[in-house]
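These are the residues of each chain, in order.
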Amino acid sequence: MGSAVAQCPHGITSHSTGNLGQKKLGYSSRCSKFPCQLDFARFGLLHQGSSAASSSDHSTEFGRRINAVPDMDDMFWDKVPTPLLDMVENPIHLKNLSVQELKELASEIRSELSCIMSEKPNSLKASLAVVELTIAIHHVFHAPVDKILWDVGEQTYAHKILTGRRALMRMMRQKNGLSSFTSRFESEYDSFGTGHGCNSVSAGLGMAIARDIKGKRDRVVTVISNATTLAGQVYEAMSNAGYLDSNMIVILNDSRRSLHPKIEQEPKTSITALSSTLIKIQSSKSFRITKRIGRGMHELAAKFDEYARGMIGPQGSTLFEELGLYYIGPVDGHNLEDLICVLQQVSSLDSMGPVLIHVITEDNHQDAECNEKIEADNPQEVLSAGYDDSVSSSVQTRTYSDCLVDSLLMEAEKHKDIVLVHAGMEMEPSFQVLQETFADRFFDVGMAEQHAVTFSAGLSRGGLRPFCIIPSTFLQRAYDQVVHDVDRQKIPVRFVITSAGLVGNSGPVYCGAFDVTFMSCLPNMIVMAPSDEDELVDMVATAAQIDDRPVCFRYPRGAIVRTDHFMHPGIPLEIGKGRVLVEGKEVALLGYGAMVQNCLKAQALLSRLGIEVTVADARFCKPLDTELLTLLCENHKFLITVEEGSIGGFASHVAQFIALNGHLDGTVKVMNIRNFHFW
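Because the structure is a prediction, the values reported are computed rather than measured.

Draft legend 1. Geometry of the environment of Asp332. Residue position: Asp332 is located in strand S9 (residues 326–332). When its relative accessible area of 25% is taken as the criterion, Asp332 is described as partly exposed. When the C-alpha positions of Asp332 and Leu133 are compared, they lie 9.5 Å apart, and in sequence the two are 199 residues distant. Side-chain polar atoms of Asp332 contact the backbone nitrogen of His334, separated by 3.0 Å.

Next up, the structure:
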């Protein structure tokens, strides 16, 4: 099939013709007037005109790899027939489809997702919930000219399929495959990369202001979810958007999930035929009168407008009005007619300012055929979507998190004042035991890491012993609170840093590379890391005993070292003291955290070759065991530090001590091995 070209000096008029399967699609449409020239190549991914493609050689090569589409029959030998989806190579092919055809397309996308990702049913739920919403967005708006931003990667699988990445969906989270998040280096249809959520409104507002300054007329659409509304940045961005009054559309995908069971048990917002009619009136030009009334009547008209819509909207909708966003909703997220109608009316509004469209979706909204497929392939439901399959299946080896839970349970029996605060996008299945056992002492705050840190500081000042459990990558978002609300005041908060280091196929977004660096530079923080599950138990006991300063310890995602699962009571460690595990000659391997196990494996291999090396477990990055370091420097020709982290971490502290104390003047040579060599 040939490419489709759209060229227009005063509007968008695009034509796409070609044989797609057994049906010929054509498209001709007009939208906002702004000069543009579009060249929709096959799949529209990082072609020569793409700015993202020109930004790096890596992205260009990725574009070539995606455009080299394999034979679909070879890849999907067991897939359900998808005649409509087979004709859609990029969003422009949705323009001439009828509503009924779009509904059939939604069903086919659900079947496609269920077939190719049936081994990850829970990570699929978010994308299954927004299939109709995704189709409606691409049917109404003109990506990549119009900017579409997503807050959460798990919602974007249908978006990836519709934007030319269908052939590589089976290779998601694999080498040379697709990212599970939106990525500017992957497709021109991904306007902004998603990370930990809550960034789309801020980035979208920036794009909207840049558009206004440059005199362009493209639309900016951001999609946020329940989880991201727990993060403060969303409300900061909304408040600023209301103040700047720039045209942009924020779509709240409300899957009716909450951290509070009592709220979930309350009556849900109903969507009836009457409410469907009202939201269409609510989004129409004639209803929104305040922007057309000037001078003294504007304030009066605005109050009347807000009051009228407050009567229509559900409880809590006035929050967005107070932030300065024009609220529309609730809209049935699985009703394509309503979605398309509302989006078309909102996109046609001139000088509309920021608009929030409240869309209600169901995570379990699937066709019967999809449900049967998932149930057949997955008889046992996985407990958590945010974690690697290797550690989240019902049949698994014992993990570090399991050991942490057991040790916390033991310490909580000794210290009745221990409380637990958890933050992050998802909660590991292991922690659900803590939540059930200590319902009154376990606080899950979701994606509110900043609040979690200061909340823990308040608990400590109230006389309790808080353990603040946060994945390494999410602790980055709360660093200011760690510095000023905890460390500077020497408040004893015990930070449990989970998923430290490499995290398998979860990729760089969840990778815990920086915590050692940014925690060990703080003046009052004790920084330690266990080499195995036994030391993890001891460090929990150590942290529980410390009551005069903050402390943190990290552990990796995955299975523990031993297989006997014996759990010994925790014994507090002496602060700042490491240990020698194996004594050798000339070469010393000084490991930190989980890398000690790699040192022991290297020692075993070298021993077979007749080379005897020393292996030491540092245990502490701050304070360092200076006596152990001095001993290693004086008795060895080579000192090799081994760590899992970025520049500025454990090795930097060791190098500084050696340099300042004159050990480099002797015969020892110091080297460092880090698995994050690219940082």
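Next comes the rest of the account.
Draft legend 2. View of the packing of helix H7 (residues 131–140) against helix H8 (residues 157–165). Close contact between H7 and H8 brings their axes to 9 Å; oriented N to C, the two are set at 40°. The orientation of H7 with respect to H8, classified from their angle, is oblique. Our pair here, H7 against H8, has a crossing hand that is right-handed. Contacts between H7 and H8 involve Val131, Thr134, Ile135 and His138 on the former and, on the latter, Ala158, His159, Leu162 and Thr163.

Draft legend 3. Here's a closer look at the pattern of salt bridges. Throughout the structure, instances matching the rule amount to 22 salt bridges. With a closest N to O distance of 2.8 Å, Asp86 and Arg166 form a salt bridge. A residue pair is termed long-range when its members are at least 10 positions apart, and Asp86 in helix H4 (residues 83–86) and Arg166 in the loop between H8 and helix H9 (200–214) qualify at 80 residues. Where Asp212 meets Arg211, a salt bridge forms, and the shortest distance between an N and an O atom there is 3.0 Å. Arg211 sits in the buried class, given a relative accessible area of 6%. Several salt bridges share partner residues, and in doing so they unite Lys160, Arg165, Glu186 and Asp190 into one network.

Draft legend 4. Representation of helix H24 (residues 533–545) within the structure. Spanning 13 residues, H24 covers 19 Å between terminal C-alpha atoms, matching the ideal 18 Å at 1.5 Å per step. A large share of H24 lies buried, amounting to 11 of its 13 residues. Turning to H24, its buried residues are Glu533, Glu535, Leu536, Val537, Asp538, Met539, Val540, Ala541, Thr542, Ala543 and Ala544. N-cap assignment for H24: the residue whose side-chain oxygen lies 3.1 Å from the backbone N of Asp534 is Asp532.

Draft legend 5. Examining the confidence of the model for the chain more closely. Taken as a whole, the chain shows an average pLDDT of 77; of its residues, 71% reach a score of 70 or greater. Residue range residues 1–77 is modelled with pLDDT below 50. Its contacts to residues more than four positions away, or to other chains, number 161 contacts. Residue range residues 259–265 is modelled with pLDDT below 50. Its contacts to residues more than four positions away, or to other chains, number eight contacts.

Draft legend 6. Region of the structure containing the sheet that holds strand S19 (residues 614–617). Taken in spatial order, the five strands make up an open sheet running S17-S19-S18-S21-S22, and their pairing is mixed. At either end of the open sheet lies a strand with only one pairing partner, and these are strand S17 (579–582) and strand S22 (669–674). In this sheet, adjacent strand axes meet at a mean angle of 25° when their direction is disregarded. Summarising the sheet, S17 and S19 pair through three bridges and their orientation is antiparallel. When the bridges of S19 are listed, Arg579 appears paired with Asp617. Helix H26 (residues 626–635) rests against S17, strand S18 (586–591), S19 and strand S21 (636–643) of the sheet, and its axis sits at about 135° to S21.

Draft legend 7. Structural view of the packing of aromatic side chains. Using the criterion set out here, one finds five aromatic pairs in the structure. A ring pair is formed by Tyr479 and Phe518, whose centres lie 5.0 Å apart and whose planes are at 65°; its orientation type is edge-to-face. With a gap of 39 residues between them, Tyr479 in helix H22 (residues 479–487) and Phe518 in helix H23 (residues 515–520) connect regions that are remote in the sequence. Residue class for Tyr479 comes out partly exposed when judged on its relative accessible area of 23%. Ring centres of Tyr592 and Phe650 lie 5.0 Å apart, and the angle between their planes is 10°; this geometry places the pair in the stacked category. Residue Tyr592 is located in the loop between S18 and helix H25 (595–608), and its partner Phe650 is located in helix H27 (residues 650–660); the two are separated by 58 residues in the primary sequence. Exposure remark for Phe650: the relative accessible area of 0% places this residue in the buried category. A cation over an aromatic ring shows up here: Arg184 above the ring of Phe185, its NZ or CZ 5.4 Å from the ring centre.

Draft legend 8. Inspection of the sheet that holds strand S6 (residues 147–150) at higher detail. Strand order in the open sheet formed by five strands is S6-S7-S8-S10-S9, and the pairing between neighbours is parallel. In this open sheet, the two edge strands, each paired with only one partner strand, are S6 and S9. Within this sheet the neighbouring strands show an average axis-to-axis angle of 20°, counted without direction. In this sheet, strand S10 (residues 354–360) lies alongside strand S8 (residues 248–254) in parallel orientation, the contact comprising seven bridges. Residue pairing in the sheet places Asn253 in a bridge with Val359 of S10. Along the sheet, helix H10 (residues 232–244) makes contact with strand S7 (220–225), S8 and S10, crossing S10 at roughly 135°. Against the sheet, helix H15 (residues 336–348) makes contact with S8, S9 and S10, and its axis sits at roughly 160° relative to S9, the strand it touches most.

What counts as what
- Residues numbered from 1 in each chain as written.
- Predicted model: local features only at pLDDT ≥ 70, side-chain atom pairs only at ≥ 80, totals over all residues.
- Heavy atoms only, no water.
- Helix = DSSP H or I, 4+ residues; strand = E, 2+ residues; numbered from the N terminus.
- Buried < 20%, exposed > 50% of the residue type's maximum accessible area, 1.4 Å probe, protein only.
- Polar contact = N/O pair within 3.5 Å; in protein donor to acceptor, adjacent residues only side chain to side chain.
- Axes fitted to C-alpha atoms, helices over the stretch in contact; angles between N-to-C directions.
- Parallel < 35°, antiparallel > 145°, perpendicular 65-115°, else oblique.
- Left-handed = near helix turned anticlockwise from the far one by under 90°.
- Contact = heavy atoms within 4.5 Å.
- Salt bridge = Lys/Arg side-chain N within 4 Å of Asp/Glu carboxyl O.
- Expected span 1.5 Å × (residues − 1).
- pLDDT = per-residue confidence, 0-100.
- Pairing = 2+ DSSP bridges.
- Phe/Tyr/Trp six-rings, centres within 6.5 Å; stacked < 30°, edge-to-face > 60°.
- Lys NZ or Arg CZ within 6 Å of the ring centre and 35° of its normal.

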